[in-house]
Amino acid sequence: MTSVTAPSNIALIKYMGKVEGTGNRPTNASLSYTMNHLVTEVSIAALPKEATEDRWRPLVKPGFGAPALSETGRAKFLNHFRFLKETWGVPGFHEIASANNFPSDCGLASSASSFAALTKAAARAFGRGESAEELSRLSRRGSGSSCRSFFSPWALWREEGAESVDDLGFGDLLHAAVVVSAGMKQVSSSEAHRRVLSSPKFAGRPERAEQRLRELMSALREKNWTEAHRVTWDEFVDMHELFETSQPAFGYRNRASKDVVDACRHIWSFKNDGPLVTMDAGPNVHLLFRPDQRELADKMVTHFQEKHVVMSSWRGLK
Ligand code: 2P0
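Read on for a plain summary of the structure. (Residues numbered from 1 in each chain as written. Predicted model: local features only at pLDDT ≥ 70, side-chain atom pairs only at ≥ 80, totals over all residues. Heavy atoms only, no water.)

By the definition in use, this model includes 28 salt bridges. With a shortest N-O distance of 2.7 Å, Glu-235 and Arg-212 are connected by a salt bridge. On the criterion of sequence distance, the pair formed by Glu-235 in helix α6 (residues 225–244) and Arg-212 in helix α5 (residues 205–221) is long-range, its members being 23 residues apart. Overall, the relative accessible area of 0% leaves Glu-235 in the buried class. Beyond isolated ion pairs, a larger network of salt bridges with shared partners links Arg-205, Arg-208, Arg-212, Glu-235 and Asp-238. (Salt bridge = Lys/Arg side-chain N within 4 Å of Asp/Glu carboxyl O. Helix = DSSP H or I, 4+ residues; strand = E, 2+ residues; numbered from the N terminus. Buried < 20%, exposed > 50% of the residue type's maximum accessible area, 1.4 Å probe, protein only.)

Here it is in structure tokens:
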């Protein structure tokens with residue numbers, strides 16, 4: 001049996017919108033920070049010769065919880081495994097077990113860590129020697145955002161697969177996710193990718209994202225945190241406005257998300273400093289702090305914990 005883990009990642013420049021019919025090729029490049037504290041573990045074991053199909057089960061391991069995989073989610077996961085076996089000419093059927101080290105019902109369950117871990121585990125189980133870049137390209141076929149989970153701390157995904165970016169400043173950041181809602185999403189990410197194409201605001205979206213990517217990478221290289229904050233903020237608002245102007249419109253932001261985001265804006269307005277703030281395709285709010293902002297990070301986490309669960313890279317789940 002082979003077991004491996006892979007981390008999740010949070011995009012600061014978002015993958016939102018696919019070039020149709022191309023196996024998760026994005027309409028714009030994206031840049032993410034790897035959340036090495038939030039991982040999926042996948043194990044793969046060969047089934048006896050009589051087996052007629054691959055199957056999935058929850059992995060049981062202390063500190064890990066099984067992802068709440070829907071029927072569609074399970075099929076997507078097993079389809080990706082079949083794709084990998086076909087690509088590598090691997091015969092037979094297997095049992096895949098997976099679990100996350102973060103609660104699966106906390107609204108952070110991202111497909112990124114699961115598909116990256118599955119791709120890595122399959123490569124290990126079948127004795128493959130592909131590079132991280134090649135595994136990233138293969139993983140993209142299963143779920144786009146997973147291709148960025150092969151590199152740390154920063155990953156840049158332009159088209160086929162992601163690559164490492166080494167010269168962005170500030171070192172290891174502190175990550176906190178303010179979990180304002182743990183419910184299942186009404187609109188899946190895959191559906192969101194389809195629907196945003198119908199928004200009138202999608203016109204010019206790839207250009208806006210590419211422009212922000214250049215601005216964010218320059219800001220991080222030049223250690224301009226304020227500019228990195230501005231660009232990151234504009235980008236998540238742009239993505240959520242696409243959702244909210246799609247046809248039919250949908251949205252993930254709720255009152256609690258707005259309160260958390262407003263509190264961050266308030267901090268920035270009186271301190272001229274604060275965390276990078278972003279939101280994924282969901283209601284929860286992600287914060288990234290520089291290592292020297294530890295005191296502020298602790299204060300903000302303590303404050304948000306009065307009402308919400310906060311998962312942080314330096315204090316764990318509270
Ligand atoms: C991202 N998201 O860049 C963006 C921002 C959500 C918001 O990638 O259909 O699960 O499996 O390729 O990767 C979520 O979409 O979509 C996502 P598929 P995926 O992280």
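On we go from here.
Attention shifts here to the site of the ligand. Around the ligand lies a shell of 18 residues, among which Lys-18, Lys-76, Ser-143, Gly-144 and Ser-145 are the nearest. A distance of 2.8 Å is found between an oxygen atom of the ligand and a side-chain nitrogen or oxygen belonging to Ser-111. At 2.7 Å, a backbone N or O of Gly-144 approaches an oxygen atom of the ligand. The fraction of the free accessible surface of the ligand (470 Å²) that becomes covered by protein chains is 95%. Taken together, the residues that form the shell around the ligand break down as five nonpolar, eight polar and five charged. The residue makeup of the shell around the ligand includes at least three contributed by each of domain 1 (2–164) and domain 2 (174–317). (Near = heavy atom within 4 Å. Polar contact = N/O pair within 3.5 Å; in protein donor to acceptor, adjacent residues only side chain to side chain. Areas by Shrake-Rupley, 256 points an atom, 1.4 Å probe, with all protein chains shown as cover. Nonpolar A, V, L, I, M, F, W, Y, C, P; charged D, E, K, R; others polar. Domains from an automatic or database assignment.)

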